[in-house]
Amino acid sequence: MPLLLSGRVFRRDLDACGCLAMHVPLEGGSETRLLRRLRAAGYRTQLSSARGLGDPEVFLFQLHGIRPPHLGHQSVGRNGAVGEVQQVMPQLAELFVDNAPVVLWLLEGQVLSRSELLALCDLCKRESRLRIVVEMGGARSLNWQPMSTLLGV
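Calculation notes
Residues numbered from 1 in each chain as written. Predicted model: local features only at pLDDT ≥ 70, side-chain atom pairs only at ≥ 80, totals over all residues. Heavy atoms only, no water. Pairing = 2+ DSSP bridges. Helix = DSSP H or I, 4+ residues; strand = E, 2+ residues; numbered from the N terminus. Axes fitted to C-alpha atoms, helices over the stretch in contact; angles between N-to-C directions. Core = buried A, V, L, I, M, F, W, Y, C linked by side-chain atoms within 4.5 Å. Buried < 20%, exposed > 50% of the residue type's maximum accessible area, 1.4 Å probe, protein only. Contact = heavy atoms within 4.5 Å. Arc of directions from axis to C-beta. Salt bridge = Lys/Arg side-chain N within 4 Å of Asp/Glu carboxyl O.

1. Quick word on the sheet that holds strand β2 (residues 44–49)
Strand pairing in a sheet takes place through backbone hydrogen bonds and is either antiparallel or parallel in direction.
Working step 1: Here five strands make up an open sheet; going across it, the order is β2-β5-β6-β1-β7 and the pairing mixed. Each edge of the sheet is formed by a strand with only one pairing partner; in this case those strands are β2 and β7 (143–146). Neighbour to neighbour, the strand axes of the sheet diverge by 25° on average, direction disregarded.
Working step 2: For β2 and strand β5 (residues 102–107), the ladder comprises six bridges, and the chain directions are parallel. Its bridge partner lying in β5, Q46 is registered against L104.

2. Some remarks on the nonpolar core
Soluble globular proteins: nonpolar side chains tend toward being buried together.
Working step 1: In terms of nonpolar packing, the biggest core is built from 24 residues, with L106, L112, L117, L120, I132, V134 and M147 touching the most fellow members.
Working step 2: Listed by contribution, the elements that provide at least two residues to this core are β1 (19–24), α4 (56–61), β5, α5 (114–126), β6 (130–138) and α6 (147–151).
Working step 3: The contacts of L117, once residues within four sequence positions are left out, are L112, V134, M136, M147 and L151.
Working step 4: Judged by nonpolar contacts, the second largest core, of 13 residues, contains V24, L34, W105 and V133.

3. Remarks on helix α3 (residues 30–40)
Working step 1: Those residues of α3 that sit buried are S30, E31, L34, L35 and L38. Viewed end-on, α3 has its buried residues packed into an arc of 135°, placing them on one side of the element.
Working step 2: Just past α3, the residue G42 takes up positive phi, approximately 100°.

4. Thoughts on the pattern of salt bridges
Working step 1: The full count for this structure, using the stated rule, is four salt bridges.
Working step 2: The residue D15 makes a salt bridge to R131 at a minimum N-O spacing of 2.9 Å. Residue D15 is located in helix α2 (residues 8–17), and its partner R131 is located in strand β6; the two are separated by 116 residues in the primary sequence.
Working step 3: The closest approach of N and O atoms between R44 and D98, which form a salt bridge, is 3.2 Å. Residue R44 is located in strand β2, and its partner D98 is located in the loop between β4 (86–88) and β5; the two are separated by 54 residues in the primary sequence.

Okay, structure coming up:
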């Protein structure tokens with residue numbers, strides 16, 4: 001249990017690797033404890049789901065457009081069944097206002113493809129302040145490994 005008391009080992013591994021793959025107990029709780037420890041150490045954190053992430057670089061750092069979901073029969077006079085494109089602000093833009101490190105914690109990371117996981121690793125290499133933790137599924141105990149090790153890169 002000393003891991004959850006301080007979180008120093010986790011923080012050291014996160015700083016060294018940049019992108020970590022986590023396996024967490026299914027009853028939960030450990031991720032929120034680690035997030036609190038990271039916030040107390042001066043990190044800015046964002047908790048998000050990996051579902052619907054799309055292109056990670058565009059979704060996290062650039063202004064991008066989305067279309068609303070198709071809701072059945074709609075008038076074909078204006079935009080048909082596709083809807084208008086709505087501009088959405090980048091998810092991490094407001095967290096990079098100062099020099100504090102930023103942690104993006106992605107839930108349900110097992111739905112991401114290998115290329116999306118590699119893109120997340122590349123983002124951490126390009127942006128030195130960004131750290132990413134991806135929950136890759138459940139386990140009996142809390143454990144993590146570098147994403148590059150999991151992908152075999």
